[in-house]
Amino acid sequence: MDDRQHTGGLRNQTWANLVLQGLVVLFGMLTVAFLLNLWGRQSPPHPIPPVDPAFLDTATVRRSYADLVRAQEDLSDFDCYTCHEKNKPPVLRYDANQNLLIPPEHADIVMGHGQHGRNNNCFNCHNETNLELLQPRDGRPLTFADSTPLCGSCHGPTYRDWEAGAHGRISGYWNRTLGSIKRQDCVNCHNPHSPKFPPRKPAPGPHLLHETEPVAAETAH
Ligand code: HEC
Ligand code: HEC
Ligand code: HEC
Ligand code: HEC
């Protein structure tokens, strides 16, 4: 056997032993470091707050007369003739600035239809000779349950958008051979007496799952 080759093999073996021992020491030190928790623990991830259920609620902001009838709720507000006399239209009263005065019996009604209350006159919508009916522009009698054509008689373009599904909300079937659709009535979203839709807080954006700067976190929640 070649002597040089033999000592070369021995040198390689001691070298390998040294490396292995070094590794054992290194891992031993790492174990101690981890046990002593030298680097500290990772802070637990932020809890992801559940989405406010208010944002998941699909109910409309208002319940129409038709909804109250379906739910068999109190309809006394619509019983005009418990207080009014038939064949005696109520008289509209105005203050010195021509602002409509609301009698205390109707204090729950806040009138503000259009800028400067342009459409505050009760009898633009209610039929003065039969208070239980609504009166659209074309004069045909409408019940409280059928108020959307009343709105449509003055808001033609919006009514067309609503019919086409571009205004309001449609639910039900895309494929109408499978089932019907349901449109929400104007009064499900607009109070007829003060119809301006109040601003609402937007729903939160998607959760990013990783830490964000406090400012960014604020806007993300
Ligand atoms: C709780 C009793 C009560 C009920 C129910 C009621 N009213 Fe009246 N309403 C009054 C009183 C009182 C007045 C003021 C006196 C008057 O003009 O007859 C009034 C006045 C009015 C006026 C005149 C408003 C103004 O600003 O001068 C209109 C229009 C009217 N009512 C419509 C209705 C209609 C439509 C209904 C049913 C959907 C109804 N009321 C139900 C008690 C009532
Ligand atoms: C733009 C049309 C419009 C005008 C103007 C209007 N109303 Fe109405 N009113 C309606 C409609 C539509 C309903 C039924 C709404 C529903 O389905 O919730 C209603 C409901 C009512 C009711 C029963 C429910 C409630 O809110 O108490 C009363 C009472 C009433 N109106 C009185 C009046 C009086 C008084 C005036 C004038 C001061 C007036 N309305 C002006 C459209 C109008
Ligand atoms: C007699 C006509 C007439 C009827 C009926 C009528 N509106 Fe209006 N509406 C108006 C006028 C006029 C304005 C004011 C437009 C403006 O100020 O530029 C208005 C404004 C509005 C606005 C804008 C709100 C704001 O304050 O700027 C909404 C929303 C609205 N109407 C919804 C309805 C709904 C819902 C109905 C049915 C319950 C209805 N309207 C019935 C005439 C009508
Ligand atoms: C599902 C709810 C919903 C229904 C149903 C709905 N609207 Fe609206 N409408 C809104 C909202 C929300 C706004 C406010 C948009 C804004 O402020 O930018 C609005 C705005 C309006 C305006 C203000 C002007 C405009 O076009 O921006 C009018 C007028 C109006 N709606 C009339 C109607 C009429 C008439 C109907 C029924 C034929 C109707 N809406 C049905 C939600 C609805």
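Further up the page is the structure itself.
Reading guide: rules and limits
Once a new chain begins, its residue numbering starts again from 1 and follows that chain's sequence as written. Lettering of chains starts at A and numbering of ligands starts at 1, both following the order in which they are written. Note on the predicted model: pLDDT of at least 70 is required for a residue's local features to be given, and 80 or more for side-chain atom pairs to be given and counted; whole-chain, interface and lining totals, by contrast, use all residues. With hydrogens and water set aside, each side-chain value is computed from the structure's full complement of heavy atoms. What makes a patch is a set of residues exposed beyond 30% relative accessible area and free of salt bridges, joined within 9 Å when like-charged and within 5 Å when nonpolar (Val, Leu, Ile, Met, Phe, Trp, Tyr). The Shrake-Rupley method, run with a 1.4 Å probe, gives the accessible areas here. Residue values count only the displayed protein chains as cover. For salt bridges, the criterion is a side-chain nitrogen of Lys or Arg within 4 Å of an Asp or Glu carboxyl oxygen. Only DSSP runs of H or I with at least four residues qualify as helices, and only runs of E with at least two residues qualify as strands; both kinds are numbered from the N terminus onward. For every residue, the accessible area obtained with a 1.4 Å probe (protein chains only) is divided by the maximum for its type, and the residue is called buried under 20%, exposed over 50%, and partly exposed between those limits. For this count, His and the chain ends are skipped, Lys and Arg are scored as positive, and Asp and Glu as negative. Where a charge lies is defined by one atom per residue type, namely NZ (Lys), CZ (Arg), CG (Asp) and CD (Glu). In this analysis a donor is any N, O or S atom within 2.8 Å of a metal ion (3.2 Å for sodium, potassium and calcium), and since water is not included, sites may seem incomplete. Four donors are marked tetrahedral only if all angles between them lie between 85 and 135 degrees, whereas four are marked square planar and six octahedral if opposite donors are more than 155 degrees apart and the other angles lie between 65 and 115; the remainder are marked irregular. For this purpose, a residue is taken to be near a molecule or strand whenever a single non-hydrogen atom of the residue falls within 4 Å of it. In the analysis that follows, any N or O atom pair within 3.5 Å is treated as a polar contact, provided that within protein one partner can donate a hydrogen and the other can accept it, and provided that, for residues neighboring in sequence, both atoms belong to side chains. Polar here means any residue outside two lists: the nonpolar Ala, Val, Leu, Ile, Met, Phe, Trp, Tyr, Cys and Pro, and the charged Asp, Glu, Lys and Arg; Gly therefore counts as polar.

**Student:** Sorry, what's going on with a nonpolar patch on the surface here?
**Tutor:** Together, Trp15, Leu18, Val19, Leu20, Leu23, Leu26 and Phe27 give the surface a local cluster of nonpolar side chains, amounting to about 730 Å² of exposed area. Relative to the helices and strands, Val19 resides in helix α1 (residues 3–35). Judged by relative accessible area, which is 40%, Val19 ranks as partly exposed.

**Student:** Would you explain a negative patch on the surface in this entry?
**Tutor:** A surface patch of negative charge is lined by Asp74, Asp77, Asp79, Asp108 and Glu132. Inspection of the secondary structure assignment puts Asp108 in the loop between α2 (65–70) and α3 (148–154). Exposure remark for Asp108: the relative accessible area of 58% places this residue in the exposed category.

**Student:** When you look at the coordination of the iron atom of ligand 2 in this model, what are you seeing that I'm missing?
**Tutor:** Around a metal, the perfect tetrahedron of four donors has angles of 109.5 degrees, and the perfect octahedron of six donors has angles of 90 or 180 degrees. Surrounding the iron atom of ligand 2 are the protein donor atoms His126 (NE2) and His193 (NE2), at 2.0 to 2.1 Å. Classification of the site at the iron atom of ligand 2 as octahedral follows from its six donor atoms and the range of 88 to 179° in their angles at the metal. One end of the pair, His126, is in the loop between α2 and α3; the other, His193, is in the loop between α5 (186–189) and α6 (214–220), and 67 residues separate them in sequence. Overall, the relative accessible area of 22% leaves His126 in the partly exposed class. Relative accessible area serves as the criterion here: at 23%, His193 is assigned to the partly exposed category.

**Student:** In this structure, what is going on with the site of ligand 1? I would like to understand it.
**Tutor:** Close contacts around ligand 1 come from 21 residues, with Cys80, Cys83, His84, Leu101 and His106 the closest. With respect to ligand 1, the backbone of Arg93 contributes an N or O atom lying 3.4 Å from an oxygen atom. In the environment of ligand 1, a nitrogen atom lies 2.7 Å from a nitrogen or oxygen atom belonging to the side chain of His106. Considered class by class, the residues forming the shell around ligand 1 number 13 nonpolar, four polar and four charged.

**Student:** What's the story with the coordination of the iron atom of ligand 4 in this structure? I'm lost.
**Tutor:** Distances from the iron atom of ligand 4 to its protein donors, His167 (NE2) and His190 (NE2), fall at 2.0 Å. On the accessibility criterion, His167 (35% relative accessible area) is partly exposed. Given a relative accessible area of 26%, His190 falls into the partly exposed group.

**Student:** I tried to follow the site of ligand 3 on my own but got confused; where do I start?
**Tutor:** His113, Asn119, Cys151, Cys154 and His155 are the nearest of the 18 residues found near ligand 3. Contacts to ligand 3 include Gly114, whose backbone N or O atom sits 3.5 Å from an oxygen atom. One of the side-chain nitrogen or oxygen atoms of Arg118 is found 3.1 Å away from an oxygen atom of ligand 3. When residues of the shell around ligand 3 are traced back to their parent elements, those giving at least two are α3 and α5. Considering each element in turn, the shell around ligand 3 owes the most residues, three residues, to α3. Residues of the shell around ligand 3, tallied by class, amount to eight nonpolar, seven polar and three charged.

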